[in-house]
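Structural features, examined
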Amino acid sequence: MAELATITDSLLVRAIADTAADIDRLFDRVLAVPGDPRARLYQAMRHAAIGGGKRLRPLLVCAAAQLFNVDRQRALRVGLAVEAIHVYSLIHDDLPCMDDDDLRRGRPTVHRAFDEAVAILAGDSLHALAFEILADPFVRVELIAELGRASGPAGMAGGQMMDLEAESMTFDLPTITRLQQLKTGALIAYAVEAGAMLGHLPGEGRARLKGYARDIGLAFQIVDDLLDVEGNSATVGKAVGKDAERGKATFVSLLGVERAKAQVELLVDQAIGHLASYGTEADLLRAIARYVMERDR
Ligand code: IPE
Ligand code: IPE
Ligand code: MG
Ligand code: MG
Ligand code: MG
């Protein structure tokens, strides 16, 4: 058993390192700094996008696509697009008018390292870039439409709106669950489902992967909220204690630390359960589910 765990751990460690290197290389290529007055915009995008982060979403695209023998370079392109949306969401999330944070991925946030106007433009530009990256003639319209849905008012942006309201309104558990599913779950779910779309998996075959994606997406945000309470700022690379300071309703504020942890365990077990019909080809997805629970950053 221990030996098996070590094998899947090394599979995960290698996959994380490979994805990080590939995403850095691709961002470096698409974000070459022009020798004109737009230079600071590109420098700000590079500051946010290159050399940091867990790259969980591209990792999920690649791990899911691998189930259907999709070419890795095609999967990486979609992963790059999702990561561009994610980085844009982080830049805007950190702005003074939102969470007002100074530290992200162990570095000053973009509005701190540059200024607010540049941070807004860098976020806007990464948002647009995501769709430019995706929209090549060989990509299916579904991949583009679903990324729009997962990032807009029916997804991440809508969840961020609810999250702002959570500072002044009292939300019950179903509402918090929906908030988390939109704010964080939608983009994570997209990453997994993109693998199935790339693999031309028909609709009915996607239900199990959808279940996996929904469960790890929710678990991921509960762990983010737990790290805000119990994490170490130097390790997580961002400020901690912010949610309580702002009086923000989260799973942890509602359930308490222990019940929130139990919920994460339940969700991760359930996520792995959805993969029961797959063999060793889904080991990476299983390892990612455990990583979501055990991560300290
Ligand atoms: C942080 O996301 C914001 C959330 C959606 C919870 P990550 O924890 O994936 O951040 P990085 O990409 O590793 O920096
Ligand atoms: C942010 O949630 C989620 C998105 C960026 C969509 P948080 O505000 O909890 O993320 P962190 O803790 O700042 O990374
Ligand atoms: Mg926030
Ligand atoms: Mg934040
Ligand atoms: Mg947080």
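Definitions and cut-offs
Residues numbered from 1 in each chain as written. Chains lettered and ligands numbered in written order. Predicted model: local features only at pLDDT ≥ 70, side-chain atom pairs only at ≥ 80, totals over all residues. Heavy atoms only, no water. Axes fitted to C-alpha atoms, helices over the stretch in contact; angles between N-to-C directions. Helix = DSSP H or I, 4+ residues; strand = E, 2+ residues; numbered from the N terminus. Parallel < 35°, antiparallel > 145°, perpendicular 65-115°, else oblique. Left-handed = near helix turned anticlockwise from the far one by under 90°. Contact = heavy atoms within 4.5 Å. Nonpolar A, V, L, I, M, F, W, Y, C, P; charged D, E, K, R; others polar. Near = heavy atom within 4 Å. Polar contact = N/O pair within 3.5 Å; in protein donor to acceptor, adjacent residues only side chain to side chain. Areas by Shrake-Rupley, 256 points an atom, 1.4 Å probe, with all protein chains shown as cover. 1 Å grid on protein atoms, 1.4 Å probe; cavity = no way out; pocket = protein on both sides within 12 Å on 5 of 7 lines; lining within 4 Å. Sits in = over half its atoms within 2 Å of the grid points.

**Thoughts on the packing of helix α6 (residues 116–134) against helix α7 (residues 141–151)**
Running from N to C, α6 and α7 point in directions that differ by 160°, and their axes come no closer than 10 Å. Taken together, the axes of α6 and α7 are roughly antiparallel relative to one another. For the element pair α6 and α7, the recorded crossing hand is right-handed. From α6, A130, F131 and L134 reach across to α7, where they touch L143, I144, L147, G148 and S151. Split into classes, the residues belonging to the contact of α6 with α7 amount to six nonpolar, two polar and no charged.

**Notes on the site of ligand 1**
All residues in the neighbourhood of ligand 1 are listed as G53, K54, R57, H86, L90, R105, T184, F220, Q221, D224, K238 and R295. In the environment of ligand 1, an oxygen atom lies 2.8 Å from a nitrogen or oxygen atom belonging to the side chain of R57. Note that an oxygen atom of ligand 1 is positioned 2.8 Å from one of the side-chain N or O atoms of H86. Taking 390 Å² as the accessible area of ligand 1 by itself, protein coverage stands at 89%.

**What about the site of ligand 2?**
If you check the shell around ligand 2, you find S89, L90, D93, D99, R104, M156, Q160, K183, Q221, D224 and K238 and nothing else. Taking D99, its side chain carries an N or O atom lying 2.7 Å from an oxygen atom of ligand 2. In the model, an oxygen atom of ligand 2 is placed 2.5 Å from a nitrogen or oxygen of the K238 side chain. Relative to its unbound accessible area of 390 Å², ligand 2 is 89% covered by the protein chains. More than half of the atoms belonging to ligand 2 lie within 2 Å of the grid points that define the largest pocket. When residues of the shell around ligand 2 are traced back to their parent elements, those giving at least two are α4 (72–93), α8 (156–165) and α10 (207–230). Top contributing element to the shell around ligand 2 by residue count: α4, with three residues.

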